[in-house]
Amino acid sequence: MIQVLRNIGTLAQCKDEGTQNDIHPISEAALVWENEKIIWLGNESELPENYAQAQAFDAQGKTVIPGLIDCHTHLAFGGWRADEFEMRLQGRSYLEIAKAGGGILSTVTATRKASHGELLSRCRSFLPKMNALGVTTVECKSGYGLDKESELKLLAVYNELKENEPTHIVSTFLGAHMVPSEFKEKREEYLSLLTEELIPEVAKKNLASFCDIFVEESAFSLEEARTILGVAKQHGLTPKLHVDQLTPGKGAELAADMGAASADHLEHISEEGIKRLAEKGVVAVALPLASLYTNEPYLNARPLLEAGVDVAVATDFNPGSAPSYDLPLALLLSCNGNRLTPHEALKGATIIAAKALQIQDTTGSLEPGKSADFAILNTESINHWLYHYQPNCCLATVSQGKLLYGSL
Ligand code: NIG
Ligand code: FE
């Protein structure tokens, strides 16, 4: 069925062209899709005659953007950690709490206890709320299981979401999030479990597209990351990395060496790291909600953009460092904290986020042939959207041509 959205005040195409500040706006636009794909867009005065009979909707002069892509979340986890939120407010740091047995490991305990059904229904409760904010694609990491059964349980939850939910789901294996307590005195054995059993099994069963690792003094070293990601690549999983978050660690340099799809966090990236990301075309992912909640400095994105690095923005939704799935809020913070312009922020959560997930050929921008994933925002411009921040500006969200939220 062919459907047309008419009377769009501004349509932000967000193509993978020009600078990150260029959102390729079309004013007084119309957008046409057939089933799940976009077939035409442009100025409404040029709408081809053959679409005149199609089912039409009125955007009432509002703004249309590509469906937002949250390219870094830890969607499935057991429990919450509000107690740590309060401890941090009283002055204890994220790393101190982690070293005292809190942090990721306390979520691992709760996640191991949760059943597949419990985790699935929690994810199913989060996704519609993300859709209501304009989000149509969510990357989901494992990493709170840290044993074979529990890691596979998390990835099975994501697989089920992928098959049955209208949101696009991209899965990432993060078995190297932390060494679990039972392997504390024998980390070599945990590394073997990852490289000899888990990575091969995840790849063989096609349970994830990416393999991520947390490189930090409380988690994995650069050398360990090199080994683990090397094995992941041999099995066809593309590297992603949590690096240079709490301390500088030459993580961006490693991401470039490994040909990663993205290097995420990067609050303490070095000048050399910036140069290497640019050379290798690795996407940098800014996670400003993590800076907000951990009271750590924000990544300054200006030198990265000046060097030619694409900068994506995501929520990092997880129960510790970023307990919010509010991607528009992350975009606002990416302006004030990461020093992006509102246009750069929008591209960071659309086409650039798609590049971080290597799905830019099918979504992330409004172009003929791509998935009909878009949101209608009740705002006159992207600048105004993030400046006059409201609980929710989104009037409707469409994914693969189907209404996920609101009304048309
Ligand atoms: O991306 N940095 C490592 N992992 C998460 C935090 C996970 C947690 O605190 O539970 C992050 O910030
Ligand atoms: Fe993360």
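For the structure given in this document, a descriptive report is provided here. Remember, predicted model here, so these are calculated numbers, not experimental data.

The rules behind these values
- Residues numbered from 1 in each chain as written.
- Chains lettered and ligands numbered in written order.
- Predicted model: local features only at pLDDT ≥ 70, side-chain atom pairs only at ≥ 80, totals over all residues.
- Heavy atoms only, no water.
- Near = heavy atom within 4 Å.
- Polar contact = N/O pair within 3.5 Å; in protein donor to acceptor, adjacent residues only side chain to side chain.
- Areas by Shrake-Rupley, 256 points an atom, 1.4 Å probe, with all protein chains shown as cover.
- 1 Å grid on protein atoms, 1.4 Å probe; cavity = no way out; pocket = protein on both sides within 12 Å on 5 of 7 lines; lining within 4 Å.
- Sits in = over half its atoms within 2 Å of the grid points.
- Nonpolar A, V, L, I, M, F, W, Y, C, P; charged D, E, K, R; others polar.
- Axes fitted to C-alpha atoms, helices over the stretch in contact; angles between N-to-C directions.
- Helix = DSSP H or I, 4+ residues; strand = E, 2+ residues; numbered from the N terminus.
- Parallel < 35°, antiparallel > 145°, perpendicular 65-115°, else oblique.
- Left-handed = near helix turned anticlockwise from the far one by under 90°.
- Contact = heavy atoms within 4.5 Å.
- Phe/Tyr/Trp six-rings, centres within 6.5 Å; stacked < 30°, edge-to-face > 60°.
- Buried < 20%, exposed > 50% of the residue type's maximum accessible area, 1.4 Å probe, protein only.
- Lys NZ or Arg CZ within 6 Å of the ring centre and 35° of its normal.
- Points joined across faces, edges and corners; volume = space filled by probe spheres on them.
- Pairing = 2+ DSSP bridges.
- Arc of directions from axis to C-beta.

What follows covers the site of ligand 1. Not every one of the 15 residues close to ligand 1 is listed here, only the nearest: Tyr94, Tyr144, His177, Asp316 and Ser321. At a separation of 2.5 Å, an oxygen atom of ligand 1 approaches a polar side-chain atom of serine 321. The fraction of the free accessible surface of ligand 1 (320 Å²) that becomes covered by protein chains is 100%. Judged by the fraction of its atoms near the pocket grid, ligand 1 is located in the largest cavity. Among the residues making up the shell around ligand 1, the classes are represented as 4 nonpolar, 9 polar and 2 charged.

For the pair helix H5 (residues 148-164) and helix H6 (residues 187-204), interaxial distance at closest approach is 11 Å and the crossing angle is 20°. With respect to each other, H5 and H6 are oriented roughly parallel. Here H5 and H6 pass one another in a crossing that is right-handed. In contact with Lys148, Glu151, Leu152 and Leu155 of H5, H6 contributes Glu197, Leu198, Glu201 and Val202. Split into classes, the residues belonging to the contact of H5 with H6 amount to 4 nonpolar, no polar and 4 charged.

Time to look at the packing of aromatic side chains. Aromatic ring pairs are described here by two measures, namely the spacing of the ring centres and the angle between the planes. Per the counting criterion, the structure on display carries 13 aromatic pairs. Both rings, one in phenylalanine 85 and one in tyrosine 293, keep their centres 6.1 Å apart while their planes meet at 65°; by these two values the pair is edge-to-face. Of the two residues, phenylalanine 85 sits in helix H1 (residues 82-89) while tyrosine 293 sits in helix H10 (residues 288-294), which places them 208 residues apart along the sequence. Ring geometry for phenylalanine 126 and phenylalanine 317: centres 5.0 Å apart, planes at 90°, overall edge-to-face. Pair noted here: phenylalanine 126 is in helix H4 (residues 116-131) and phenylalanine 317 is in the loop between strand S13 (311-313) and helix H12 (327-336), with a separation of 191 residues, a long-range link. In this structure, phenylalanine 126 and phenylalanine 317 share a single accessibility class: buried. These aromatic residues form a ring-pair network of at least three members: Phe77, Trp80, Phe126, Tyr144, Phe317 and Tyr325. Over the face of the ring belonging to phenylalanine 183 we find lysine 186, whose NZ or CZ atom lies 5.3 Å from the ring centre. When the ring centre of phenylalanine 210 is taken as reference, the NZ or CZ atom of lysine 240 above it lies at 4.9 Å.

Let us look at empty space enclosed by the protein. According to the stated counting rule, one finds 2 cavities of 30 Å³ or more in the structure shown. Of the volumes computed, that of the largest cavity is approximately 100 Å³. What lines the largest cavity is a set of 14 residues, and nearest its centre among them are Tyr94, Ile104, His177, Asn318 and Ser321. Partitioning the lining of the largest cavity into residue classes produces 4 nonpolar, 8 polar and 2 charged. Its volume calculated, the second largest cavity comes out at about 40 Å³. Its residues assigned to classes, the lining of the second largest cavity comprises 8 nonpolar, 2 polar and no charged.

By definition, the strands of a sheet pair up through backbone hydrogen bonds, in either a parallel or an antiparallel sense. The parallel open sheet is built from 8 strands, whose spatial order is S6-S7-S8-S9-S10-S11-S12-S13. The open sheet has two edge strands with one neighbour each: strand S6 (68-70) and S13. Looking at each pair of strands side by side, their axes are set apart by 25° on average, direction ignored. Pairing analysis gives 3 bridges linking strand S11 (residues 262-265) to strand S12 (residues 283-286), with the strands arranged parallel. Bridged to alanine 263 within S12 is alanine 284.

Although it is not a glycine, asparagine 7 sits at a positive phi angle of roughly 55°. Along the chain, asparagine 7 turns up in strand S1 (residues 2-12). Not every positive phi belongs to a glycine, and histidine 24 is a case in point at roughly 50°. The residue histidine 24 is located in the loop between S1 and strand S2 (25-34) in this model. In this structure histidine 24 comes out as buried when scored by relative accessible area, which is 11%.

This part covers helix H9 (residues 271-280). Buried within H9 are the following residues: Gly273, Ile274, Arg276 and Leu277. On an axial view of H9, the arc spanned by its buried residues comes to 165°, and they lie on one face. Away from the buried face of H9 by more than 90 degrees, exposed residues Glu271 and Glu279 are located. Against the buried residues of H9 lie helix H8 (251-257), S11, S12 and helix H11 (302-307). Backbone geometry just after H9 places glycine 281 at a positive phi near 65°.

With respect to the helices and strands, the residue threonine 172 is situated in strand S8 (residues 168-176). A polar contact is formed between the side chain of threonine 172 and the side chain of glutamate 139, at a distance of 2.6 Å. Setting aside residues no more than four positions away along its own chain, threonine 172 makes contact with Glu139, Cys140, Lys141, Ser142, Leu155, Ala208, Phe210, Cys211, Asp212 and Lys240.

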